[in-house]
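# Observations on the model geometry
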Amino acid sequence: MTELICINCPQGCHLQVSPKGDSWLISGNRCPKGVAYGQQEMRDPRRTVTAVMPCENPEHPLVAVRTDRPCPKAMIPAILNRIYHSYAEKNVKNGDIVLKNIDNSEISVIVTENI
């Protein structure tokens, strides 16, 4: 059995996850989102990556960025490495793509705020 804390809503349910054939038996959830979260977390855990990226604009030397979708946890170090070793253009604004299709994954990094 594996224990997880569901992050899909503010309740933070403590889930118990046990293998059941090709699937997983999920208990401890207070809503259906907990079951979906537990299944996804056991099959292919994913996270949205947030970070700051250097920017060529001296007035805003950093921009806050995030991935445009959750990415496999195994990709997080490579994505962060690309972010930290890249520079956003001088005039980027919220929603602009600064890194596109990282490692052919269809995951891009977008600006969320100029800092």
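Heads up: the structure comes first, above all this text.
The rules behind these values
Residues numbered from 1 in each chain as written. Predicted model: local features only at pLDDT ≥ 70, side-chain atom pairs only at ≥ 80, totals over all residues. Heavy atoms only, no water. Helix = DSSP H or I, 4+ residues; strand = E, 2+ residues; numbered from the N terminus. Buried < 20%, exposed > 50% of the residue type's maximum accessible area, 1.4 Å probe, protein only. Contact = heavy atoms within 4.5 Å. Areas by Shrake-Rupley, 256 points an atom, 1.4 Å probe, with all protein chains shown as cover. Lys, Arg positive; Asp, Glu negative; His and termini not counted. Charge placed at Lys NZ, Arg CZ, Asp CG, Glu CD. Pairing = 2+ DSSP bridges. Axes fitted to C-alpha atoms, helices over the stretch in contact; angles between N-to-C directions.

With that settled, consider the overall build of the chain. Assigned secondary structure in the chain consists of two helices and nine strands. Each principal axis of the C-alpha distribution contributes one length, and for the chain these read about 55 × 30 × 15 Å. Taking all 115 residues of the chain together, the buried fraction comes to 34%. For the chain, long-range pairs separated by at least 24 residues make up 46% of all intrachain contacts whose partners lie at least 6 apart in sequence. Carbon and sulfur atoms make up 51% of the accessible area of the chain, which totals about 7,300 Å². Between the mean site of the 13 positive side-chain charges and the mean site of the 12 negative ones, the chain shows a separation of 6 Å.

Our focus in this paragraph is the sheet that holds strand β8 (residues 97–99). As summarised here, the arrangement of the four strands in space is β5-β6-β9-β8, forming an open sheet in which the pairing is antiparallel. The sheet is open, and its two edges are formed by β5 (50–54) and β8, each paired on a single side. Across the sheet, the axes of successive neighbouring strands diverge by a mean angle of 45°, strand direction being ignored. Here strand β6 (residues 62–67) runs beside strand β9 (residues 109–114); their pairing, made up of five bridges, is antiparallel. Counterpart to Arg66 in the pairing with β9 is Ile110. Strand contacts of helix α2 (residues 76–84): β5, β6, β8 and β9, with the helix running at about 25° to β5, the strand carrying the most contacts.

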